[in-house]
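For reference, the chains in residue letters:
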2 protein chains.
Amino acid sequence: MQNRLTIVFFLIFSICFAQKAPVEYVNPLIGTSNFGTTNPGPIAVRGMANVSPFNVAGPQNLPLEKDSRWLSTPYVHENTFLTGFSHVNLSGVGCPELGVILAMPTIGEINTDHLEYGSTYSDEKSKVGYYSNTLDKYKIKVEATATTRVGVSKYSFPAGDANILLNLGLGLTNEQGATVKVVSATEIEGVRSVGSFCYYKPEEAYPVYFVARFSRPADEFGVWKKPTKYMGAESQWMGYNGKTRVMEGFTKEVVGDSIGAYMRYKFESPTHVEMKIGISYVSLDNARENLEKETSDKTFDEILGDAQEEWNQYLSRIEVEGGTEEDKTIFYTALYHTLIHPSTLNDVNGDYPKMKTRETLKTKGTRYTVFSLWDTYRNLHQLMSLVYPKQQSNMVKSMLQIYEESGWLPKWELNATETTTMVGDPAGIIITDTYLKGIRDFDVEKAYQAMLKSADQIEDNPLRPGLKDYIHKGYLTTKTTNSGSVSTTQEYNIADYAIAQLAKEMGEQSDYKRFRKRSISYRHLFDKEFNLLRPRNDDGSWLTPYNPESGANFEKNLGFIEGNAWQYTFMVPHDIEGLMKLMGGPKPFVQRLQDVFDKNQFDMANEPDIAYPYLFNYVQGEEYRTQEMVSGLLDKHFKNSPDGIPGNDDTGTMSAWAVFSMMGLYPVNPAEPLYALTKPKFDKITIHLDLEYYRGHKLVITSNSAGNKRPIHSISVDGKPQMGYFITHKKLVHASSIQID
Amino acid sequence: MQNRLTIVFFLIFSICFAQKAPVEYVNPLIGTSNFGTTNPGPIAVRGMANVSPFNVAGPQNLPLEKDSRWLSTPYVHENTFLTGFSHVNLSGVGCPELGVILAMPTIGEINTDHLEYGSTYSDEKSKVGYYSNTLDKYKIKVEATATTRVGVSKYSFPAGDANILLNLGLGLTNEQGATVKVVSATEIEGVRSVGSFCYYKPEEAYPVYFVARFSRPADEFGVWKKPTKYMGAESQWMGYNGKTRVMEGFTKEVVGDSIGAYMRYKFESPTHVEMKIGISYVSLDNARENLEKETSDKTFDEILGDAQEEWNQYLSRIEVEGGTEEDKTIFYTALYHTLIHPSTLNDVNGDYPKMKTRETLKTKGTRYTVFSLWDTYRNLHQLMSLVYPKQQSNMVKSMLQIYEESGWLPKWELNATETTTMVGDPAGIIITDTYLKGIRDFDVEKAYQAMLKSADQIEDNPLRPGLKDYIHKGYLTTKTTNSGSVSTTQEYNIADYAIAQLAKEMGEQSDYKRFRKRSISYRHLFDKEFNLLRPRNDDGSWLTPYNPESGANFEKNLGFIEGNAWQYTFMVPHDIEGLMKLMGGPKPFVQRLQDVFDKNQFDMANEPDIAYPYLFNYVQGEEYRTQEMVSGLLDKHFKNSPDGIPGNDDTGTMSAWAVFSMMGLYPVNPAEPLYALTKPKFDKITIHLDLEYYRGHKLVITSNSAGNKRPIHSISVDGKPQMGYFITHKKLVHASSIQID
């Protein structure tokens, strides 16, 4: 209650001084178009549950219809036909997954076909922890909020017959299978099978458990099941072949691929019903406990208040002043998007499923999941280390739990499965970066062993395929892999650089030397002819003929993953000096880097080249290019509109780029505690550093030139002039004020 | 232990005196061909669980393959390709249902495709409570036995990799959906969806729960799932589309239409594993409790001993002497088949699912299920009333529970669903017959109200469709129904006769008169032109043109269900005198009845005409025809071979016909406590009457003419000459000896 009062006071204070709280700036509709793949539904900070409007099924939603194309989000802003609200969802990912446990309120007779019961909607509102719309077909107002593990909905029905459908057949992906059981007139429980992210590893499909509670006892209830259409000889006797069966009053489990349950009411006057759906990846009992512990004695409005308060506490760790209202919205929404994934896997009692076997284990801290590390190793974890070091520490601990449970660090972990999506070996990069930043309350010896294992084990290594060639030749060849031999070499280089950095810190000199050497082997792939990287064949010859532009627009190619030579050549953040030399010195380097932009080869929508704009800082006198470039990219790609993220948010990576860039900082080399500096978007930025990790002082970044296009002419730290356009993490977190003019 | 000693002594006694125990005569392979649809797997008396070899899947089993035609049994004797052992099965029914929870032992690598892991088999042995064969492909000896609620298997594996597969996708019908979970290295639990008997009422599909325990901890275990093949745009990315996924070591629920689990062993020498599968229709906990209470401390051999002892106690209620060994086998196997259905629905703790909603209720006595009443009202329940009155009493009580739970008496009840298969309103006939035989420890007032309800409620009456025409016109017309207007009228007549009989007994004179009158309304359908019954149209005119033979061989027709005018005209057991008058007196009656046989219109394989051979007894001097006919039909249709039942056993109805007929008795009019007499097949038949209901004396039927073809020349009861060829139930159960010479 004290907390709730705090936010009330805070809000009153804000109103009195005509200043909005950070939480009020967030617009969760940003990223819901242009394949940003975020969703506008309420979610708690790093929540397991989320109530997302689901509008990607049915021909009315073409061309952005889930079954007609690759679509990885339950909600697309321009779509109009809503078929429910899904209760477990991913945000900002590029592969379809989750998007299940769909609830839908309707009126009149029970209809279980989502193509028929779906509706257009109006009056859409999306705020932090809150979503609302009105279903045109039924005149039902829907409101939703969430706690960490519970999605909470409030349906305001007109008088008459009202229904709440729980559809367990419908979902974002092709994975199917569920059970459902009406426990009482106020409770439904069930299980839904999910898994096979990116259509990889379907053998790791797994169950998600839920318990739904309703604030009013249903007058009637039931379940339904739509069987597969049977093609055999007996189909002639099956009048019901392939047709849905509705089973009124049924109280036992129903099992199948396309099933659901409903609650039904007869209202004499307009009435609202609140529904709470508790989620667990461990068991039904835990789903019920999550629901009870987090929400049982609370109304919708109380839960909403708590959610907004929690978000405000996190968001207000960074306060911004000056800048436009639009910029503040873009900034806080981006910060919001970095606080969704990695998300919580464990139940309130600490239970979580072990990797692969899904035995139940217990954790003390939060066990995080959804580690899209190929994306997030570049900047998101660096943002966490700076602003939310406690979370970052738990994320590293979670990675080490994953290592203990599966024998390997994560690459793209999702709900205790390893999807092995994308390439490289990014976990160690994050661990090193975290450790070097002074966040050390984890078992670094174990982490180091884990990193060495994936770096050195040649056979049966799920993290580093092609490692044999990499070690022996220094690079993967066009024979080693048919996709991304150069990219993968670069990723392994960066990972090896991180091992070297950690080895050095730990006094492991021979490892340091070995991995330092390994980390620059990409140089073998530098081709003077193009002044770019180029794939080599097994015999050492160059891939010929060679068009360095092939690979743009995600076109599959031999050398590069989701990119081409332009987008990858500068992705050697740990060896920019070396790259300069290969290119013939600073001038040709700057020229070639500028070429990327001028030749329209820069891709803001994908990770390999997102640090490029900051690389001009490495050449004295060229830093103005970084400032112009970053400012221009922010203006062009990050907007207060549904298409306000350049592409997939990649579990917050694009958003982290915006947060850092708008603060005038960027972690330009992922395993080095160093930030490149550029012009901030705000006159004043206050980062409230964490008490436990950084002694809790305030770091204030101010700028007199935020509003203009003039290049930076001076930087000072705590009043003393700063040389160059980089600052170490240590210096940053010990500083009280940084002035960028 | 005392019981086990009893049977040991009994068996020793039998051996010493060179006499086999009744249980030793039973050949469960009888009825497993010729569409008898019994199965040779072990089952306890009225057991819920049963371990049936399953050999009806796969092209090797064509033409008797489950998906290529209507097939209602998990096992067909002439088939050769076995794909497992199903743990819940129906016996002797005409519609596919159950036949799920399939276990299969294999060796070598895990293969989850039953078409590939299936095998031929040798050394098949089937005895009461025991089945065994050897799987040719794997050299695995399989043995099986059962308690009431647990199927028990013993697999003798060769050295090497051994697997036990639990396939929850495969089943006899098209109903799908299951969950499965490996609980530990010695336990698997799960749920399978079943239902939609005869492809009726799929909305009443329901779960069956199981817990499987293994005598040895598995070295490895896992689950599998075969998803539906996806046809949408995304299928192009799904390399695994429609393919089975094997998930090793997985310990959470797997849900879907086509799933399974396996235990896997590495044996250094030949080793056997015992598997016990406990079943419940209520819950997993109850399945586990059933398993533990019935089998936990017992070995396979102990369970087998118990099963055989229990069966012997039941079978030896009737002892037969004289006659051939073949006749004894036919007799005891038929008696065995009458003790399978109705079967047990409640768990050991008394829990059972309520009709329709499947809420859990508790019963004190046994709650029976599988009431195929259109079949069994004719003779099976009469056999139970005579030999097993305690069971019959519980069956009536179960019918009244069904009435309380659903509002209606059963018609074709199956595991707490009402399939409404076939026509008529047979429950009341059985209740009246039971009551009139002195078995009265049930609530007859409630029963009477239930009978009146289905007889009088015109709207929304699931038991008596067409009741309005029946009451107003006296019959259903070709407009009332497009199938069986005459048959249904006859069935309602018999049901109304039963109400009249009960009304009379209870002193309800006006009801007695009303229903007595209603019971003979079939007379309106008697057409002098053919001297047979004939359908009438809505305006009262005869159906024209009319071929009284149409409807033979189950051909669908307007007048008759599964039969024609010949097979139905004499099915007025309560009004044979009336029918004689309609036909012009005894002589034309006998002539027309003889015509049925002479014109090859008699069908031994279906119920409507099965009492016909006994109807000659109604005409003095013609009784020899009954004797010849019954004897001839027994010889022709009932054999000690897989095709030794004339057609579907109809949950023991055909077998009950054989049991009665071989004893020289037949309950010729289902709601009248009366038996027609004919020549017994044995020299001496001893019925040990139930202590509680019949004071426990022995009834001995002896015959000096059992072995010859001479007609009966004298019948005496307790030494006194008996007039005519009928005996009342009262006289029968008070008699000590009946001599038929």
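Residues numbered from 1 in each chain as written. Chains lettered and ligands numbered in written order. Predicted model: local features only at pLDDT ≥ 70, side-chain atom pairs only at ≥ 80, totals over all residues. Heavy atoms only, no water.

Trainee: Even after reading the chapter, I still don't get the sheet that holds strand E29 (residues 684–688) of chain B, so can you show me in this structure?
Mentor: Within a sheet, neighbouring strands are paired by backbone hydrogen bonds and run either parallel or antiparallel to one another. Residues and elements named next belong to chain B. Pairing is mixed across the open sheet formed by six strands, whose spatial order is E17-E29-E30-E34-E31-E32. Lying at the two open borders of the sheet, with one neighbouring strand each, are strand E17 (318–321) and strand E32 (720–721). When strand E31 (residues 715–717) meets strand E34 (residues 737–740), the two strands line up antiparallel, connected through three bridges. Directly across from Ile-715, in E34, lies its bridge partner Ile-740. (Pairing = 2+ DSSP bridges. Helix = DSSP H or I, 4+ residues; strand = E, 2+ residues; numbered from the N terminus.)

Trainee: It is not clear to me how the relation of the copies chain B and chain A should be interpreted in this structure. Could you clarify?
Mentor: The pair of chain copies shares a relation made of a rotation about an axis and a shift along it. After a rotation of 179 degrees and a shift along the axis of 0.0 Å, chain B superposes on chain A with an RMSD of 0.1 Å. Such a combination of rotation and displacement between the chain copies is what one expects of a two-fold axis. Minimal C-alpha separation from the rotation axis in chain B is found for Gly-256 of chain B, amounting to 2.7 Å. Taken together, the interface assignments show that 100% of the residues at the interface of chain B recur at the interface of chain A, consistent with an identical surface on both copies. (Least-squares fit on C-alpha atoms with pLDDT ≥ 70 in both. Contact = heavy atoms within 4.5 Å.)

Trainee: Can you walk me through the state of the cysteines in this structure?
Mentor: Covalent bonding between the sulfur atoms of two cysteines is what defines a disulfide. All names here are of chain B. Counting across every chain of the model gives two disulfides over all chains. A disulfide bridge connects Cys-95 with Cys-198, and the sulfur atoms are separated by 1.7 Å. Disulfide Cys-95 to Cys-198: torsion about the S-S bond roughly 90 degrees, handedness right-handed. Here Cys-95 is found in the loop between strand E2 (85–89) and strand E3 (98–107), whereas its partner Cys-198 is found in the loop between strand E10 (187–194) and strand E11 (206–214), with 103 residues between them in sequence. On the basis of relative accessible area, Cys-95 is assigned to the buried category, the value being 9%. Cys-198 gets classed as buried once you look at its relative accessible area, which sits at 6%. (Disulfide = S-S within 2.5 Å. Buried < 20%, exposed > 50% of the residue type's maximum accessible area, 1.4 Å probe, protein only.)

Trainee: Help me understand the domain arrangement of chain A, please; the structure alone is not making it clear to me.
Mentor: The figure often quoted for interface size is the accessible area lost as the parts come together. Residues and elements named next belong to chain A. As far as domains go, chain A holds domain 1 (24–313) and domain 2 (317–740). Contact residues are listed per partner, giving 50 residues for domain 1 and 52 residues for domain 2. Of all residues in domain 1, the largest losses of buried area upon contact with domain 2 belong to Tyr-25, Ile-30 and Arg-46, amounting jointly to 23% of the total for that side. Inspection of the region where domain 1 meets domain 2 yields zero salt bridges. Of all the elements in the fold, those that place two or more residues in the side of domain 1 that touches domain 2 are strand E11 (206–214), strand E16 (271–280), helix H4 (284–295) and helix H5 (300–315). In terms of residues, the side of domain 1 that touches domain 2 owes the most to one element, H4, which gives five residues. Its residues assigned to classes, the side of domain 1 that touches domain 2 shows 22 nonpolar, 20 polar and eight charged. (Domains from an automatic or database assignment. Buried area = accessible area lost by both parts, 1.4 Å probe. Salt bridge = Lys/Arg side-chain N within 4 Å of Asp/Glu carboxyl O. Nonpolar A, V, L, I, M, F, W, Y, C, P; charged D, E, K, R; others polar.)

Trainee: Would you explain the sheet that holds strand E22 (residues 371–372) of chain B in this entry?
Mentor: All names here are of chain B. Spatially, three strands are ordered E22-E23-E24 in an open sheet, and the strand pairing comes out antiparallel. The open sheet has two free edges, formed respectively by E22 and strand E24 (417–418), since each of these has just one partner strand. One ladder, built from two bridges, connects strand E23 (residues 412–414) with E24; its direction is antiparallel. When the bridges of E24 are listed, Glu-413 appears paired with Glu-418.

Trainee: Where do I start with the side chain of Thr-357 of chain A in this structure?
Mentor: Considering the arrangement of structural elements, one finds Thr-357 of chain A in the loop between strand E19 (351–353) and strand E20 (360–362). Discounting chain neighbours no more than four positions away, the residues touching Thr-357 of chain A are Gly-249, Phe-250, Thr-251 and Lys-252 of chain B.

Trainee: Would you explain the interface of chain B and chain A in this entry?
Mentor: Taken together, the contact between chain B and chain A spans 52 residues of the former and 52 residues of the latter. Interface area for chain B against chain A, summed over the two sides, is near 4,100 Å², with a carbon-plus-sulfur share of 54%. Between the two partners, chain B and chain A, sit four salt bridges. Between Lys-225 of chain A and Glu-175 of chain B there is a salt bridge, with its nearest N and O atoms 2.8 Å apart. Inspection of the chain B/chain A interface yields 19 residue pairs in polar contact (both at pLDDT 80 or more). (Polar contact = N/O pair within 3.5 Å; in protein donor to acceptor, adjacent residues only side chain to side chain.)

Trainee: So what exactly am I meant to see when it comes to the packing of aromatic side chains here?
Mentor: For any pair of aromatic rings, the description consists of the separation of the ring centres together with the inter-plane angle of the planes. In the structure shown here, the tally under the stated rule is 54 aromatic pairs over all chains. Centroid distance Phe-638 of chain B to Trp-657 of chain B: 5.7 Å. Interplanar angle 15 degrees. Geometry classified as stacked. Pair noted here: Phe-638 of chain B is in the loop between helix H18 (623–637) and helix H19 (653–663) and Trp-657 of chain B is in helix H19, with a separation of 19 residues, a long-range link. Phe-638 of chain B gets classed as buried once you look at its relative accessible area, which sits at 5%. Given a relative accessible area of 0%, Trp-657 of chain B falls into the buried group. Among the aromatic residues, those joined into a cluster by ring pairs are Phe-570, Phe-589, Phe-597, Phe-602, Tyr-612 and Phe-616 of chain A. (Phe/Tyr/Trp six-rings, centres within 6.5 Å; stacked < 30°, edge-to-face > 60°.)

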